Amino acid sequence: MSDDEVVRYLIIGGGLTAARAVEGIREHDREGAITLVSAEDHPPYERPPLSKDVLQGKAEADVAYPHPEGWYLEQGVTLRLGQPARSISVDARTVALADGTELPWDRLLLATGSVVRRLDVPGADLPGVHYLRTMDDSLALLDSLRGGGDVVVVGAGWIGLEVAAAAREHGCTVTIVEPTPAPLLAVMGERIGGWFADLHTAHGVEVRLGAGVTGFSGTGHVTGVITDTGGTIPARTVVVGVGIRPSTELAGTAGLAIDNGVLTDAALRTSVAGIWAAGDVANWESRLLGRHVRVEHWANANDGGLAAGRSMAGVDITYDPVPFFYSDQYEAGLEYAGYVPKDAGAELVVRGDPATNEFMAFWVAPEGDGARVLAGMHVNVWDTIDAVQALIRQGTVVSRERLSDPSVPLEELA
Ligand SMILES: Cc1cc2nc3c(=O)[nH]c(=O)nc-3n(C[C@H](O)[C@H](O)[C@H](O)COP(=O)(O)OP(=O)(O)OC[C@H]3O[C@@H](n4cnc5c(N)ncnc54)[C@H](O)[C@@H]3O)c2cc1C
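Remember, predicted model here, so these are calculated numbers, not experimental data.

Draft legend 1. Main features of the sheet that holds strand β1 (residues 8-12). Judged by pairing direction, the sheet is parallel, and its 5 strands sit side by side in the order β3-β2-β1-β7-β19 without closing on themselves. Both edges of this open sheet fall to β3 (77-80) and β19 (275-277), since each of them pairs with a single strand only. Recorded for the sheet is a direction-independent mean angle of 20° between the axes of neighbouring strands. As paired strands, β1 and strand β2 (residues 33-37) are joined by 5 bridges and run parallel to one another. Pairing of Tyr-9 across the sheet is with Ile-34, part of β2. Together, β1, β7 (107-110) and β19 form the strand contacts of helix α7 (residues 298-312), whose direction differs from that of β7 by roughly 165°.

Here it is as structure tokens:
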């Protein structure tokens, strides 16, 4: 391809990563031909409102669009909506869509995100059993929650907890069923996970821990959730939130290196020249953390999409964020920054009193007499997350006593 030829960009994905990638490309290449292919019928949208304001009926679904459909037209982007891409040919530099169309590309972005894990138990296909990933899922669930009645949430992860909060807003009777001893156990540990259980209990949710789901009862429509601790919990609506997995099938057709997502370097380039990956599907080389990292966070879709677009347009970038996540449940707003490897042997340091619903938590690695902050979270202690990110990025060794003392400004520790 000579320099004066127009570059053909192809973006596969209908989430925030895809939307931001268009922006990243257009910052540096006004002429390139961009085509965006999504399996969904909607223009690209972001997902956090789908378990919060939209599900609570406080906002219309269109708050989820970073750009209206017309914006893509203005940017000279061809949208191919409702069209899953089925395979990638690296040799021919084409992508085959479900309808048989072959699209050519010079630079290709995989922004295929994640898909929900499904429960494989009797009754799992009954009407009334919901999952929450897409806008259509959210609107169907909203409809059901508006009808009130008994709601059972299977899984006390982020999605399950936010759905439980939304269901309480609609006046539903809510039970959460979770097999481990605490909500969010893998990320938060037992003590902070226990705080989430208390928060929901205080809002009238029955939190059943240590209980697994073995099936759903009902004929024609779900009527209950059967657990391994005995008994059936009545349910008019069931929401299953048992995690997601990266959507790597398409990447597999191109022979890309895959290991817990599509492997990329720090510029979000995959193992095949001309193909990038970003967002939930990418397991990128984090220079900061000294390892490959894959997260399922809004900020990574936002910033990673933009970075991938710039990288595709020829800008020399290093994508190196401190991972960042947020959630809202009832009156609790929280932000979490950092990354704790499973084998880190991290210790918990709490700052403030969780019982007040205003506190911070840090996960630290012991170092000499002090500790290095791997991750930190605040609940309703706003304007602190930048300082948390600075502590993590600088790798400063801090004293646990000062870290846990709310009267010591975090900036003084950095
Ligand atoms: C309900 C909900 C609430 C959330 N809340 C928060 C929150 O509060 N805070 C936070 O930090 N994160 C939150 N997240 C996570 C965050 O939304 C994700 O990390 C983000 O959506 C990832 O964006 P993405 O563009 O990489 O992938 P996705 O948003 O998953 O988008 C991938 C898109 O690619 C399309 N696609 C997949 N395969 C193909 C194919 N072969 N052909 C064409 N199209 C394809 C899919 O249909 C989809 O449209 C939430 C997620 C959900 C579902």
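So, next bit.
Draft legend 2. Local environment of the site of the ligand. Close to the ligand lie 34 residues, the nearest being Glu-40, Arg-47, Lys-52, Arg-133 and Asp-280. The separation between an oxygen atom of the ligand and a polar main-chain atom of Ala-111 is 3.5 Å. Here an oxygen atom of the ligand sits 3.1 Å away from a polar atom, N or O, in the main chain of His-297. For the ligand, whose accessible area on its own is 1000 Å², the fraction buried by protein is 92%. Tallied by class, the residues present in the shell around the ligand amount to 15 nonpolar, 12 polar and 7 charged. Viewed by domain, the shell around the ligand spans two of them, domain 1 (8-115 + 245-312) and domain 2 (118-242), each represented by three or more residues.

What counts and what doesn't
- Residues numbered from 1 in each chain as written.
- Predicted model: local features only at pLDDT ≥ 70, side-chain atom pairs only at ≥ 80, totals over all residues.
- Heavy atoms only, no water.
- Pairing = 2+ DSSP bridges.
- Helix = DSSP H or I, 4+ residues; strand = E, 2+ residues; numbered from the N terminus.
- Axes fitted to C-alpha atoms, helices over the stretch in contact; angles between N-to-C directions.
- Contact = heavy atoms within 4.5 Å.
- Near = heavy atom within 4 Å.
- Polar contact = N/O pair within 3.5 Å; in protein donor to acceptor, adjacent residues only side chain to side chain.
- Areas by Shrake-Rupley, 256 points an atom, 1.4 Å probe, with all protein chains shown as cover.
- Nonpolar A, V, L, I, M, F, W, Y, C, P; charged D, E, K, R; others polar.
- Domains from an automatic or database assignment.

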